[in-house]
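# Structure assessment
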Amino acid sequence: MTRVVRRPVTVRTDAHGAPVCIVDGKAVHTVRTVIDHWRELGAWWEGETEFQLWRVETDAGVFDLECAEGAWRVYRVWD
Amino acid sequence: MRWFAFGRAVGVGWDGDDTLWMTISNERVMDASVSARACGVEPGQSVHTAAALVPGITVQPATEGPSRAMRRLWRMVNDVTPRLETMGEDGFCAAGSGRTSETALHALRAAARRWLEERPGVRGLLVGVAETPGLARALVEWRKCGELPASWEQSLGRHGRWLVSPRLKPSSAARNRCTGAHEAAESWWDPLPVEALWVLPAEVREMLLRMGVLTFGELEKVGETFWRRMLPGLSWTQLRHQVCVGRLRVNYPPPVYCRTWAAAAGEVCPPEQLTEWLEPLIQGVGRELLAAGCGTRRLGLCWRGEGGRERMEMVLKQPTADLQVLRAQTLRLAAHIRQPVERVSLFVRDFTSLPAEQLRLLAEDGRVISADPAAHALAEVLAQVERRFPGRLQKGLRPGFRELRLARVMEARLAVGSGNERHERMAMP
């Protein structure tokens, strides 16, 4: 089961642009594993541009992170 | 015609070669081959009793998950209809509707027969076909604990039975009618034995039998107080709905259709030449979607090149199985491939069942065809005439009674209107 969240977060990345750490308010989650990474065109008919998605495993669970034009958001939380 | 088929298989707990076998758990028989069942072995029996009945029977521990045999049956059913729910590890519920549903039903029956013939003496199958999922299951449960009227039952090989509700028989005048509460007085399912009511716990069934309530129809007489006392969470209306209507929750086919192209070893394909290699992938995926009767909401390309493995996906505005849309969107994704690739996969997922009307408009090659087979045949003939005598064919429609009557009424009204006008003109000074 998953929940779509779409909440802005701060993400620290490594030299290749992969997320290393998620800062969500006062909570800080360290990324243990990058499970998957892909690009999406989004809702192109509504003018959405290309964005990147990272599925990561942290100490708090599995998240899908969305990065569009440098802005990061938690796209989805996996229960 | 709309139908639902509920199937329950036996002898699918083990995939070995022996004919006489049983699977056990906690010293009890869980499943047995049809041949072993014919010798008296039954699920729930103690292992010693079963072994005494069939000396030398192969004993296997029961495993978790569906067997290969059952997975194969699901695949075969899924080839016939995309609306398939797997039920436990030995059952399924499938549905068909629209113009091609009768053909699908014949294909389903042929598939069931074929599946049974693959391992004679091992597998058995009961398939109930009715107007709702609940009633299809009721037929199977009924047959398991008693005899059905002979005209409802057909053979499906030696160990299979095909049970058809009287409303779905070709001769039935009541065919295609909706199932509703008002039809209770003439329901064919009223004689369904209480023992076959899978929605009731065993102790409630026993209690009902002790009370002299033997059939489903007689349950109407049981007051709501009984249900409240025996089954606090279930009212008679809910129970009736579960048995007479039921529900199909599609959980099959697999969630992704994928086609892959790979270059010869050591070679790569430049991005500008990729289009020609993508075309067969698009066609293959499109065919699979049409066969499954699904439209996809998400499409993606996954490729491997000098820069490593990359994947790009896109959501589609509407679920589609249309080749032209698939082609256009695949090429839009492929435009993001900038390096030579060794291997490229096209995949689609997030499916939605397409309405029958929409499916009928999509031919195998993506052409739009007529929804009506007769009209399609006529269109082909007209196209031949048009090719032979270009411009000579006059196409039109002959008016029916309503159109002719409307035309006469309009003419009459016009005549009366013009008469009045003349009269008014004459009356003016």
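The following paragraphs examine the structure supplied in this document. Everything numeric in this text was worked out from a predicted model, so none of it was measured.

### Structural notes on the pairing of strand E5 (residues 51-58) of chain A
Residues and elements named next belong to chain A.
- Most of E5 is tucked away, with six of its eight residues classed as buried.
- As paired elements, strand E4 (residues 27-40) and E5 share eight bridges and run antiparallel to each other. Its bridge partner being in E5, Trp38 is matched across the sheet by Leu53.
- Where E5 meets strand E6 (residues 61-68), seven bridges bridge the pair, whose relative direction is antiparallel. Across the sheet, Glu57 pairs through a bridge with Val62, a residue of E6.
- Turn length for the E5-E6 hairpin, with the two strands adjacent in sequence and antiparallel, is two residues.

### Some points on the nonpolar core
Residues and elements named next belong to chain B.
- In terms of nonpolar packing, the biggest core is built from 39 residues, with Leu200, Leu208, Phe216, Leu219 and Trp227 touching the most fellow members.
- When residues of this core are traced back to their parent elements, those giving at least two are strand E1 (3-10), strand E6 (91-96), strand E7 (124-130), helix H5 (133-145), helix H6 (202-210), helix H7 (224-230) and helix H8 (236-244).
- The element that contributes the greatest number of residues to this core is H5, accounting for six residues.
- In contact with Trp227, other than residues within four places in its own chain, are Leu200, Val204, Leu208, Leu219, Val222, Pro232, Leu234, Trp236 and Leu239.

### Describing the packing of helix H9 (residues 274-292) of chain B against helix H10 (residues 323-334) of chain B
Residues and elements named next belong to chain B.
- Direction vectors running N to C along H9 and H10 enclose 135°, while the axes themselves pass 10 Å from each other. By the criterion of interaxial angle, the relationship of H9 to H10 is oblique. Every pair of crossing elements has a handedness; the one defined by H9 and H10 is right-handed. In this structure, H9 contributes Thr275, Leu278, Glu279, Ile282, Gln283, Gly286 and Leu289 to the contact, and H10 contributes Leu323, Leu326, Arg327, Thr330, Leu331 and Ala334.
- Its residues assigned to classes, the contact of H9 with H10 shows seven nonpolar, four polar and two charged.

### A look at the sheet that holds strand E9 (residues 160-164) of chain B
Residues and elements named next belong to chain B.
- Reading across the sheet, the six strands line up as E5-E6-E1-E7-E9-E8 and stay open at both edges, with mixed pairing between neighbours. Edge positions in the sheet fall to strand E5 (84-87) and strand E8 (153-155), since each of these pairs with one other strand and no more. Adjacent strand axes in the sheet meet at a mean angle of 20°, parallel and antiparallel pairs treated alike.
- Note that E1 and E6 share six bridges and pair antiparallel. Within E6, the residue paired with Arg8 across the bridge is Gly91.
- In the packing of helix H3 (residues 68-80) onto the sheet, the strands contacted are E1, E5, E6 and E7, and the crossing angle to E6 comes to about 5°.

### With respect to the interface of chain B and chain A
- Across the boundary between the two partners, chain B contributes 14 residues, which contact ten residues of chain A.
- A buried area of about 1,200 Å², summed over both sides, lies between chain B and chain A, and 52% of it is on carbon and sulfur atoms.
- Between chain B and chain A we count three salt bridges in total.
- With its nearest N and O atoms 2.3 Å apart, the salt bridge here joins Arg298(B) to Glu40(A).
- Counting across the interface, chain B meets chain A through seven residue pairs in polar contact (both at pLDDT 80 or more).
- At the level of elements, strand E11 (294-305), strand E12 (308-320) and H10 of chain B are the ones that each hand at least two residues to the side of chain B that touches chain A.
- Counting residues per element, the side of chain B that touches chain A draws most heavily on E12(B), which supplies eight residues.
- Among the residues making up the side of chain B that touches chain A, the classes are represented as six nonpolar, two polar and six charged.

### Some points on the sheet that holds strand E2 (residues 21-25) of chain B
All names here are of chain B.
- Sheet architecture is open: three strands sit in the order E3-E2-E4, paired in mixed fashion. Pairing within the sheet leaves two strands with one partner each, and these edge strands are strand E3 (28-32) and strand E4 (58-61). Averaged over all neighbouring strand pairs, the angle between strand axes comes to 40°, with direction disregarded.
- Here E2 runs beside E3; their pairing, made up of four bridges, is antiparallel. Across the sheet, residue Ser25 finds its bridge partner in E3, namely Arg28.

About the thresholds
- Residues numbered from 1 in each chain as written.
- Chains lettered and ligands numbered in written order.
- Predicted model: local features only at pLDDT ≥ 70, side-chain atom pairs only at ≥ 80, totals over all residues.
- Heavy atoms only, no water.
- Buried < 20%, exposed > 50% of the residue type's maximum accessible area, 1.4 Å probe, protein only.
- Helix = DSSP H or I, 4+ residues; strand = E, 2+ residues; numbered from the N terminus.
- Pairing = 2+ DSSP bridges.
- Core = buried A, V, L, I, M, F, W, Y, C linked by side-chain atoms within 4.5 Å.
- Contact = heavy atoms within 4.5 Å.
- Axes fitted to C-alpha atoms, helices over the stretch in contact; angles between N-to-C directions.
- Parallel < 35°, antiparallel > 145°, perpendicular 65-115°, else oblique.
- Left-handed = near helix turned anticlockwise from the far one by under 90°.
- Nonpolar A, V, L, I, M, F, W, Y, C, P; charged D, E, K, R; others polar.
- Buried area = accessible area lost by both parts, 1.4 Å probe.
- Salt bridge = Lys/Arg side-chain N within 4 Å of Asp/Glu carboxyl O.
- Polar contact = N/O pair within 3.5 Å; in protein donor to acceptor, adjacent residues only side chain to side chain.

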